[in-house]
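Structural description and commentary
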Amino acid sequence: ERLKSDERVFFHAAATGSDTPVCLLELRPEEVEALGPAAKVRHAHLAEVREVFQHDGVPLLVFERVHGTVLTERLRQIGKKTQVDAVGSSLLVSDALSNLHERGAVHGFLHTDSVILDPPERLGPVLTFASVPSDETTFHSPERGESGKPSVADDAWAAAGLLHMMLTGAPPPTDGYADDDALAEAGVE
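All of the points below concern the structure found in this document. Worth saying up front: this structure is predicted, and the values here are computed from it rather than measured. (Residues numbered from 1 in each chain as written. Predicted model: local features only at pLDDT ≥ 70, side-chain atom pairs only at ≥ 80, totals over all residues. Heavy atoms only, no water.)

**A few points about the overall build of the protein chain**
Counting its regular elements, the protein chain contains six helices and seven strands. Mapped from its N terminus to its C terminus, the protein chain presents α and β elements in the order β-β-α-β-β-β-α-α-β-β-α-α-α. On C-alpha atoms alone, the protein chain measures out to a radius of gyration of 16 Å, which is about the 16 Å that the 2.2 N^0.38 rule sets for 189 residues. The principal-axis extent of the C-alpha atoms belonging to the protein chain is close to 55 × 40 × 30 Å. Buried positions account for 40% of the 189 residues belonging to the protein chain. Sequence-distant contacts in the protein chain: of pairs separated by 6 or more residues, those separated by 24 or more amount to 59%. In the form shown here, the protein chain has an accessible surface area of approximately 10,100 Å², with 51% of it arising from carbon and sulfur atoms. (Helix = DSSP H or I, 4+ residues; strand = E, 2+ residues; numbered from the N terminus. Rg over C-alpha atoms; globule rule 2.2 N^0.38 Å. Buried < 20%, exposed > 50% of the residue type's maximum accessible area, 1.4 Å probe, protein only. Contact = heavy atoms within 4.5 Å. Areas by Shrake-Rupley, 256 points an atom, 1.4 Å probe, with all protein chains shown as cover.)

Take a look at the structure:
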C-alpha cells in the first residue's frame, strides 16, 4: 500500500511468505551508508531495520511497522506533554539513537512523525522512520541542510528539537535561547 508522500516513496507491506508488516522508505544515496549498519541493531524502543536494498535502482529502507499514535498527532491533541513524560520519552528515544550510533549507524529521520506512542504489546515510545519534509528546519541541523548527509550530530540536533516540541508544543527558535530566563518563558523549566 503506497502511502501519501510528497517527496519519497513510502509503502506499508508484508514480507514475502510472512504476515509480518513492514514499511519501505525511499532513501537518498547519502543516506544508504548511514543506515546500512542499522540492520544489526536491536533495541526495545527502536523499530527493527530489516535491510537496505535496491529495487529498480531505488534504495529502500525496510523496517518493522509499528502501530500506535504518532507523536505529531498526540501533540496536536494535547498541545504539549508533561515535563516528566517529555523527558522520559526523550531519554528512551535518545537511548535508541545511542545504540544506533554505537553500531556505526545514523537515524537521519528523527522528528515527531517518527515517534510512535503506546504501541500495542510493547512499551513505548518506539522510534521508527518517516520522511522529514524538505521545508522542515526544526529537525535538520544547519550542516545537514547544506550537505544533505545524516550524521550523529544531526541526530543530536533533532533529539533536542524533539524534546523542545514535547515540552512546549512548539519548535525551538532557530537562533536558540540567549539565557535561562528566555528558556523559562518558552515553558522549559
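**With respect to the sheet that holds strand E4 (residues 58–64)**
Read from one edge to the other, the open sheet built from four strands follows the order E1-E2-E4-E3, with strand pairing classed as antiparallel. The open sheet has two edge strands with one neighbour each: strand E1 (10–14) and strand E3 (49–55). Between one strand and the next, the sheet's axes are offset by a mean angle of 25°, whatever the strand orientation. Here five bridges tie E1 to strand E2 (residues 21–26), and the two strands are oriented antiparallel to one another. Within E2, the residue paired with Ala14 across the bridge is Pro21. (Pairing = 2+ DSSP bridges. Axes fitted to C-alpha atoms, helices over the stretch in contact; angles between N-to-C directions.)

**Thoughts on the packing of aromatic side chains**
Remark: the centre distance and the inter-plane angle together describe each pair of aromatic rings, the angle taken between the planes. Per the stated rule, a full pass over the model turns up three aromatic pairs. Aromatic ring contacts, followed pair by pair, group Phe10, Phe63, Phe109 and Phe129 into a single cluster. (Phe/Tyr/Trp six-rings, centres within 6.5 Å; stacked < 30°, edge-to-face > 60°.)

**Considerations on the side chain of His107**
When you line up the elements, His107 lands in the loop between helix H3 (83–102) and strand E6 (115–117). Leaving out residues up to four positions away in the same chain, His107 has contacts with Leu35, Leu97, Leu100, Ser114, Leu127, Thr128, Phe129 and Asp155.

**Points about the packing of H3 against helix H5 (residues 152–168)**
Contact geometry of H3 with H5 gives a least axis separation of 9 Å together with a crossing angle of 165°. With respect to H5, the axis of H3 lies roughly antiparallel. Classified by chirality, the crossing of H5 by H3 is right-handed. Taken together, the residues of H5 that come into contact with H3 (itself represented by Gln83, Ala86, Val87, Ser89, Ser90, Val93, Ser94, Leu97 and His101) are Val152, Asp155, Ala159, Leu162, Leu163, Met166 and Leu167. Taken together, the residues that form the contact of H3 with H5 break down as 10 nonpolar, five polar and one charged. (Parallel < 35°, antiparallel > 145°, perpendicular 65-115°, else oblique. Left-handed = near helix turned anticlockwise from the far one by under 90°. Nonpolar A, V, L, I, M, F, W, Y, C, P; charged D, E, K, R; others polar.)

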